[in-house]
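A closer look at the structure
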Amino acid sequence: MALGSAIGAGFFLGTGVAISQAGPAVLISYAIAALIAISVMYCLAELASALPSSGSFSTYAQAGIGRWAGFTVGWLYWFMLIMVLGLEITGAATIFIGWFPQVPQWVIALAIVVVLGGVNLRTAGEFGTVEAWLAGIKVAAIAVFLLVGVGLVFNIIPGRTLSLGHNLLGEGGFAPAGVGGIVLGLLAVVTSFGGIEIVTIAAAEAEDAKAAMGAAIRQVVWRIMVFYIGTVALLVLLLPWNSAEMKNNPLAAVLNMAGVPAVGLIMEIIVFIALISSFSANVYASSRLAYSLSARNMGSTWLLGKKASSQSGQSEQNPQNEPVNQDTSAILTQEEELTGDMTYGCTPRRAVWISILLSLVSVALNWYVPDQLLGILLNAIGLILLVAWLFIVISQIRLHHKLEKLGIIAIRTPLWPWLSWAALAGVLAVFGLLATTASGRGNLVVIATMTLIAVITFKIRERVVGKV
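Note that the structure is a prediction, hence the values are computed from the model and not measured.

1. Some details on the packing of helix α3 (residues 26-50) against helix α9 (residues 178-190)
One can describe the packing of α3 onto α9 by two numbers: an axis separation of 8 Å at closest approach and a directional angle of 45 degrees. Judged by the inter-axis angle, α3 sits oblique to α9. When the axes of α3 and α9 are compared, the crossing they make is right-handed. On α9, the residues touching Ile28, Ser29, Tyr30, Ile32 and Ala33 of α3 are Ile182, Gly185, Leu186, Val189 and Val190. A breakdown of the residues in the contact of α3 with α9 according to their chemical character gives 8 nonpolar, 2 polar and no charged.

2. Some remarks on helix α7 (residues 124-153)
Helix length check: α7, at 30 residues, gives a terminal C-alpha distance of 42 Å against a target of 44 Å (1.5 Å per residue), a fit within 8%. Of the residues trailing α7, Asn155 is marked for its positive phi of about 60 degrees.

3. A closer look at helix α14 (residues 263-295)
Between its terminal C-alpha atoms α14 stretches 48 Å, which fits the 48 Å expected from 33 residues at 1.5 Å a residue. Immediately beyond the C-terminal end of α14, within one or two residues, lies Asn297, with a positive phi of roughly 60 degrees.

4. Section: the packing of aromatic side chains
Applying the stated rule across the entire model yields 8 aromatic pairs. A ring pair is formed by Phe96 and Phe272, whose centres lie 6.0 Å apart and whose planes are at 40 degrees; its orientation type is tilted. Linking Phe96 in helix α5 (residues 67-99) with Phe272 in helix α14, this pair joins segments that are 176 residues apart in sequence. Chaining the aromatic ring pairs together yields one cluster made of Phe96, Trp99, Phe100 and Phe272.

5. Notes on the environment of Thr301
Mapping Thr301 onto the fold places it in the loop between α14 and α15 (305-315). Once the C-alpha coordinates of Thr301 and Tyr291 are considered, the two residues, 10 residues apart in sequence, prove to be 8.8 Å apart.

6. Points about the pattern of salt bridges
Under the counting rule described, the total for this entry stands at 2 salt bridges. Linking Arg67 and Glu462 is a salt bridge whose minimum nitrogen-to-oxygen distance equals 3.0 Å. Of this pair, Arg67 sits in helix α5 while Glu462 is found in helix α21 (residues 438-465), placing the two residues 395 residues apart along the sequence. Residues Arg67 and Glu462 agree in their burial class; the two are buried. Arg412 is the salt-bridge partner of Glu404, the closest N and O atoms lying 3.0 Å from each other.

Procedures and definitions
- Residues numbered from 1 in each chain as written.
- Predicted model: local features only at pLDDT ≥ 70, side-chain atom pairs only at ≥ 80, totals over all residues.
- Heavy atoms only, no water.
- Axes fitted to C-alpha atoms, helices over the stretch in contact; angles between N-to-C directions.
- Helix = DSSP H or I, 4+ residues; strand = E, 2+ residues; numbered from the N terminus.
- Parallel < 35°, antiparallel > 145°, perpendicular 65-115°, else oblique.
- Left-handed = near helix turned anticlockwise from the far one by under 90°.
- Contact = heavy atoms within 4.5 Å.
- Nonpolar A, V, L, I, M, F, W, Y, C, P; charged D, E, K, R; others polar.
- Expected span 1.5 Å × (residues − 1).
- Phe/Tyr/Trp six-rings, centres within 6.5 Å; stacked < 30°, edge-to-face > 60°.
- Salt bridge = Lys/Arg side-chain N within 4 Å of Asp/Glu carboxyl O.
- Buried < 20%, exposed > 50% of the residue type's maximum accessible area, 1.4 Å probe, protein only.

So this is what it looks like as structure tokens:
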């Protein structure tokens, strides 16, 4: 699931854009971004292995920082997923009507939502099977690309026309845009690792959460290194960084270099699958996150169903203060009572339906909202990922000693506490780099405003509804 969400259309099409901004030095950008992403993932894995929760980092932020943090990061991330759902449907429908132009685009978008929404309404195991196949196709495509690329690099496969040194150093040097280009590349690629945190949302429904998290974190780490860094390295070696092919569809250009037939159609099919796979994974994540927030009295009790709504109403008679001052394991008690049925294969259908319906609204926004406004919004919500990472690392730093005292840590963060503090410094550094550009400062203002609105909403809701 983590790969299904992280390896989307942006991986196949956006990688070349980042390279065209930084040149071959984008390898440094990707390496730094990968180190930050892996460090954050280890922090999150420690929390998820100790306290499996469908609320994931929202639950941990509540436990480690406070209810306001769990509410804020949870609903901000949910909002980001809903907006991304609309983009993915729109992109997939656009590709499909290129094959069958006689079919209206809205019909295709609706069909995608109906089919994959239906899959999400099934049990988690059935959904996981479908997602495994979709993600498997993408992984297989990347594996084929890596094999072809290595064959071209070592002249095992004929087709390369320029020397490796020319592509790496001959078009303005290794860093043609200087340090500024590396910074731009870093900002462009850091959010491309978004989605890996979804695997911890699914941990609560795994048959053996601790074992599943252990396997997942190991796979995510090495696949990030091989797939992302390996792909970028091959593209830098095989294509001039400032070529049109690099900006448009670099993976297709490399496959075309090797003489792969119908490469354009093949890449369109792969990108289409990448989009619908990401859509399906994000419906899953958004529904579970909304359900968990509601189970912790941070959302509508309607999402929980009649029985759970009644339990939630009763729990309001026992308010809790900042959970960081309590036994950390107690923070999950209420959520486990309300969401425990999900472990046995049940699905939070109302939450899934909300995600499906709002994804259609998001599609409409993508078609009717002015491009400039939509662009500003999308750039800003991309930063929500960094906000989530920030809360993850802070929560892990604050909870580590308590979890260790309870003896429930199954996956320890390597090099504690240095890796955690390095991850925190890395995330803060990315925010600092954003402040050095005009567009970055604008995006920071928007995300700061969105975060402030979420905090204010929490404060108002706590006064009206009452604390759990």
